[in-house]
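Single-letter residue listing:
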Amino acid sequence: MTVTRFHLLFLLLLLALAVPFATADIIQLTNNNLGLAGSIGTVSLTQGTGGVNVTLSANSGFTFKTQGGDILFNTNVKLNAGNISQIKINGVAYNGKFMFTRIATRSGFTFVYDLANLNPHGIQSARTISFVISGVTFKQLEHGYKNNPYSWGTHFCVGGGTKCSPNTGFATGGSSAVPEPGTLSLLGTGLAGLAGVFRRRFRS
């Protein structure tokens, strides 16, 4: 009986700790000013040792506007351009100039930070844009700002390829925590263990 109670306590502790220590979020960009249904794409936030790895991934039929576009987000942490690094566009390292400014309003929504003026040669829109924000945790990138409930926003182009179509819009999204695969595995193992413990107790 002592071993059974120990196992039960251990499994309950695993379950309690699994979700709070998740290190990834996926934000769906479901709100847009063109009235399009569904998600334009996602913003994935993964906690790393040097900060948060951010990846914007466009869904089929859309791309993210680079030249003249904005990537906006909210946080209560003070940042500057030095906190932005390792920018990649379509998986290729981008070493060009960019702007990083505070307080920008787009399509009626005001955000704390604006990453803009990405200008890769010959690429007006991209399927993926990624970068690292140092000095923050992914939980600190989930805030709204004033009357804006959304944590992320970006310009998008309707259509694929690297040449942005004239049909462009602005999409925003809030946060929806998605545990990383390791956390999901831990959670599943804990649930299976609990089921086994209770099954044995009911049979005894």
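Note: the structure precedes this text.
Residues numbered from 1 in each chain as written. Predicted model: local features only at pLDDT ≥ 70, side-chain atom pairs only at ≥ 80, totals over all residues. Heavy atoms only, no water.

**Here's the deal with the side chain of Asp114**
Convention followed: Only DSSP runs of H or I with at least four residues qualify as helices, and only runs of E with at least two residues qualify as strands; both kinds are numbered from the N terminus onward. Throughout this description, buried means an accessible area under 20% of the type-specific maximum (1.4 Å probe, protein chains only), exposed means over 50%, and partly exposed covers the range between. In protein, a polar contact means a hydrogen-donor-capable atom and an acceptor-capable atom, both N or O and within 3.5 Å, with residues adjacent in sequence counting only if both atoms are side-chain atoms; elsewhere, any N or O pair within 3.5 Å suffices. Only heavy atoms enter the contact rule, under which two residues are in contact if any of them lie within 4.5 Å.
Position of Asp114 relative to the elements: it lies in strand 10 (residues 109-116). Note on Asp114: relative accessible area 3%, which makes it buried. Only 3.3 Å separates the side chain of Asp114 from the side chain of Arg106, close enough to count as a polar contact. What Asp114 contacts, discounting residues up to four positions off in sequence, is Asp70, Ile71, Leu72, Met99, Phe100, Thr101, Ala104 and Arg106.

**Considerations on the sheet that holds strand 8 (residues 92-93)**
Under the convention used in this document: When DSSP finds two or more bridges between two strands, those strands count as paired.
The strand order across the open sheet built from six strands is 1-3-4-12-7-8, with neighbouring strands paired in antiparallel fashion. Looking along the sheet, the strands with just one partner apiece sit at the ends: strand 1 (24-28) and strand 8. With four bridges joining them, strand 7 (residues 84-89) and strand 12 (residues 128-133) adopt antiparallel strand pairing. Residue pairing in the sheet places Lys88 in a bridge with Ser130 of strand 12.

**Concerning the side chain of His155**
Relative to the assigned elements, His155 resides in strand 13 (residues 152-158). According to the relative accessible area criterion, His155 is buried, its value standing at 17%. Among the polar contacts listed, one links the side chain of His155 to the side chain of Asp70, at a separation of 3.1 Å. Ignoring any residue separated from it by four or fewer positions in sequence, one finds His155 in contact with Phe64, Lys65, Gly69, Asp70, Arg106, Gly169 and Phe170.

**A closer look at the packing of aromatic side chains**
Here is the rule: Ring geometry is summarised as follows: Phe, Tyr and Trp rings, the Trp one being its six-membered ring, pair when their centres sit within 6.5 Å, and such pairs are stacked at plane angles under 30 degrees, edge-to-face over 60 and tilted between the two.
Summed over all chains, the structure comprises seven aromatic pairs. Here the aromatic rings of Phe73 and Trp152 are separated by 4.9 Å at their centres, their planes lie at 25°, and the arrangement is stacked. Separated by 79 residues along the polypeptide, Phe73 in strand 6 (residues 70-73) and Trp152 in strand 13 bring together distant segments of the chain. For the pair Phe73 and Trp152, one class covers both residues: buried. With centroids separated by 6.3 Å and ring planes inclined at 70°, the aromatic side chains of Phe111 and Phe170 adopt a geometry described as edge-to-face. One end of the pair, Phe111, is in strand 10; the other, Phe170, is in strand 14 (residues 168-173), with 59 residues separating them in the sequence. For Phe111, a relative accessible area of 0% puts it in the buried group.

**Topic: the pairing of strand 12**
Taken across its six residues, strand 12 has five buried, putting it largely inside the fold. Where strand 4 (residues 51-58) meets strand 12, six bridges bridge the pair, whose relative direction is antiparallel. Paired with Asn53 across the two strands is Val132, which belongs to strand 12.

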